[in-house]
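Listed here are the chains, written in short residue letters.
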Amino acid sequence: MLTARNVTKNYSNLPILKGVDITVSKGEIVTIVGSSGAGKSTLLHILGTLDQPSSGEILLNDVNLTELKGNRLADFRNRHIGFIFQFHHLLPEFTAIENVCIPGYIAGVNKNTVREKAVFLLETLGLKDRLDHKPGALSGGEQQRVAVARALINSPDVVMADEPTGNLDSRNARELHNLFFELREKLNQTFIIVTHNEELAPLSDRQLVMKDGKII
Ligand code: ADP
Ligand code: ADP
C-alpha cells in the first residue's frame with residue numbers, strides 16, 4: 001500500500017536519510033525505533049508528505065506523493081494521511097467532537113456523515129461521555145485519544161504517529177497502544193509509529209530499527 005524507494009534527505013548538504021526503502025501493507029502496524037537523531041521523525045514527515053525528500057519516491061496506493069504540490073497536496077494529505085504527534089494539538093476553543101469533525105468538514109464531506117463517524121470513533125476510543133468537553137476539561141490520555149479520533153475521521157490510508165505515547169504515563173501509554181490494535185481490528189487501519197517506548201515498540205507486526213539515516 002505504501003512504498004518508499006531509495007529515499008534520501010539532506011539538510012544543508014548534510015545527509016540525514018541515506019537511502020531508505022520501506023513497504024507497508026494495508027492493516028499493518030509498524031514501529032520505527034532508533035536513537036535520537038537517527039532520522040525517524042524526518043522519515044515519518046517525508047512519508048506523510050509534511051516534508052519533501054531530496055531524492056527517491058513514495059507511492060501511496062499508486063499515487064506518487066513526491067509529485068503532489070500546493071492545494072492538491074494539502075487536500076490529498078487531509079483525506080489520505082492521518083497524523084498523531086507527541087502533543088495533541090487540539091484546538092482549545094472547540095469541543096472534543098468539533099475537533100474531530102474539522103478535518104471532515106475541510107474535506108467537504110456531508111456534516112451529518114462526519115458527525116456520525118466522529119461519534120463512532122469517540123465511542124470506540126472510550127470517550128462516549130466526553131463528546132462535548134473542551135480539551136482543557138479532559139485528562140492527558142483522553143486528549144490524546146481525541147487526537148487519534150481526529151486522525152481517523154477521513155478514513156486515512158495510513159496514520160503516521162510520532163511519539164504518540166511520549167507525553168503519557170505508562171498505563172495510558174499502554175492503553176493508547178492497545179487502541180491502535182483495536183482500531184486495526186475494527187477498521188483495518190494501518191499505523192506507522194515512531195516510538196522510544198521500549199516496552200511498546202516490540203508490540204507491532206514489524207519493528208524497524210533506524211541508525212544514522214538508514215533502516216538496519
Ligand atoms: P530522530 O527523530 O530519529 O530523533 P530526526 O529525524 O529528528 O531524528 O533528526 C535527524 C537529524 O536531522 C538530526 O541530526 C537533526 O538535528 C537533523 N534535522 C532534522 N530536521 C532538520 C532540519 N529541518 N534542518 C536541519 N537539520 C535537521
Ligand atoms: P523531537 O525531539 O520531537 O524528535 P525534533 O528533534 O524532531 O523533535 O525536532 C522538532 C522540529 O525541529 C522538527 O520539525 C525538525 O524538522 C526540526 N529540527 C530538528 N533538528 C533541527 C535542526 N538541527 N535544524 C533545524 N530544524 C531542526
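Shown above is the structure to which this text applies.
These notes cover the structure that comes with them. (Residues numbered from 1 in each chain as written. Chains lettered and ligands numbered in written order. Predicted model: local features only at pLDDT ≥ 70, side-chain atom pairs only at ≥ 80, totals over all residues. Heavy atoms only, no water.)

### Details of the site of ligand 1
Here is the rule we go by: If a single non-hydrogen atom of a residue is within 4 Å of a molecule or strand, that residue counts as near it. In the analysis that follows, any N or O atom pair within 3.5 Å is treated as a polar contact, provided that within protein one partner can donate a hydrogen and the other can accept it, and provided that, for residues neighboring in sequence, both atoms belong to side chains. Here the Shrake-Rupley method, with its probe set to 1.4 Å, supplies the accessible areas, and only the displayed protein chains count as covering residues. Only DSSP runs of H or I covering at least 4 residues are called helices, and only runs of E covering at least 2 are called strands; the numbering of each starts at the N terminus.
Taken together, the neighbourhood of ligand 1 is formed by Tyr-11, Ile-16, Ser-35, Ser-36, Gly-37, Ala-38, Gly-39, Lys-40, Ser-41 and Thr-42. In this structure, Ala-38 approaches ligand 1 through a main-chain N or O atom, which is 3.1 Å from an oxygen atom. Contacts to ligand 1 include Lys-40, whose side-chain N or O atom sits 2.8 Å from an oxygen atom. Contact with the protein chains removes 57% of the 560 Å² of surface that ligand 1 exposes when unbound. Ranked by residues supplied to the shell around ligand 1, first place goes to helix H1 (residues 40-47) with 3 residues.

### Regarding the nonpolar core
This is how it is decided: Take the buried Ala, Val, Leu, Ile, Met, Phe, Trp, Tyr and Cys residues and link them wherever side-chain atoms come within 4.5 Å; each set so joined is a nonpolar core. Three labels apply to residues, based on accessible area from a 1.4 Å probe with only protein chains included: buried if under 20% of the type maximum, exposed if over 50%, partly exposed otherwise in between.
Residues Leu-122, Val-146, Val-148 and Phe-180 are the most contacted members of the largest nonpolar core, which totals 33 residues. Only helix H3 (96-106), helix H4 (111-124), helix H5 (140-152), strand E7 (158-162), helix H6 (170-187) and strand E8 (191-194) provide two or more residues apiece to this core. Residues Ala-4, Leu-17, Val-24 and Leu-44 belong to the second largest nonpolar core, which totals 29 residues.

### Here we look at the packing of H3 against H5
Under the convention used in this document: Here, axes are lines fitted to C-alpha atoms. For helices the fit covers the stretch in contact, and angles between N-to-C directions go from 0 to 180 degrees. The scheme is simple: roughly parallel for angles under 35 degrees, roughly antiparallel for over 145, roughly perpendicular for 65 to 115, oblique for anything else. Whether a crossing is left-handed or right-handed is set by the direction in which the near helix is turned from the far one by less than a right angle, anticlockwise for left-handed and clockwise for right-handed. Contacts were defined at the residue level, with two residues in contact if any of their heavy atoms lie within 4.5 Å.
Where H3 meets H5, the closest approach of the two axes is 7 Å, and the angle between their N-to-C directions is 25°. With respect to each other, H3 and H5 are oriented roughly parallel. The element H3 and its partner H5 pack so that their crossing is right-handed. On the side of H3, the interface is formed by Ala-96, Asn-99, Val-100 and Pro-103, while H5 contributes Val-146, Ala-149 and Arg-150.

### Quick notes on the sheet that holds strand E9 (residues 206-211)
Short version of the rule: For two strands to pair, DSSP has to find at least two bridges joining them.
Pairing is mixed in the open sheet, where 6 strands are placed in the order E6-E7-E8-E3-E9-E10. The two strands at the open ends of the sheet, each matched to only one other strand, are strand E6 (81-84) and strand E10 (214-215). Looking at chain direction, E7 and E8 are connected through 4 bridges and run parallel. Counted as the bridge partner of Met-160 is Ile-192 from E8.

### Re the packing of aromatic side chains
The cut-off we apply is this: The rule is short: rings of Phe, Tyr and Trp, with Trp giving its six-membered ring, pair when the centres are within 6.5 Å, and they are stacked under 30 degrees, edge-to-face over 60, tilted in between. Either the NZ atom of lysine or the CZ atom of arginine qualifies as a charge over a ring when it sits within 6 Å of the ring centre and within 35 degrees of the ring normal.
Evaluation of the coordinates by the stated rule reveals 2 aromatic pairs. Ring centres of Phe-83 and Phe-85 lie 6.0 Å apart, and the angle between their planes is 0°; on these two criteria the pair is classed as stacked. A relative accessible area of 28% places Phe-85 in the partly exposed class. A ring pair is formed by Phe-180 and Phe-191, whose centres lie 4.8 Å apart and whose planes are at 35°; its orientation type is tilted. In this pair, Phe-180 is assigned in helix H6 and Phe-191 in strand E8, connecting sequence segments 11 residues apart. Each member of the pair Phe-180 and Phe-191 is classed as buried. Its end group placed over the ring of Tyr-105, Lys-111 keeps NZ or CZ at 5.0 Å from the ring centre.

### With respect to the pattern of salt bridges
Think of it this way: side chains of opposite charge can pair up when their charged atoms draw near. Spelled out, the test is: The term salt bridge refers to a side-chain nitrogen of Lys or Arg lying within 4 Å of a carboxyl oxygen of Asp or Glu.
Counting across every chain of the model gives 11 salt bridges. A salt bridge links Lys-18 to Asp-212, with the shortest nitrogen-to-oxygen separation between them at 3.2 Å. Taken together, the residues span a long stretch of sequence, with Lys-18 in strand E2 (residues 14-24) and Asp-212 in the loop between E9 and E10 at a distance of 194 residues. With relative accessibility at 33%, the residue Lys-18 sits in the partly exposed group. Here Asp-212 falls in the exposed class, since its relative accessible area comes to 53%. Of the charged contacts in the structure, one is a salt bridge between Arg-130 and Glu-142, with a shortest N-O distance of 3.0 Å. Here Glu-142 lies in helix H5 and Arg-130 lies in the loop between H4 and H5, a separation of 12 residues in the sequence. A residue is classified by how much of its surface remains accessible, and Glu-142, at 13% relative accessible area, is buried.

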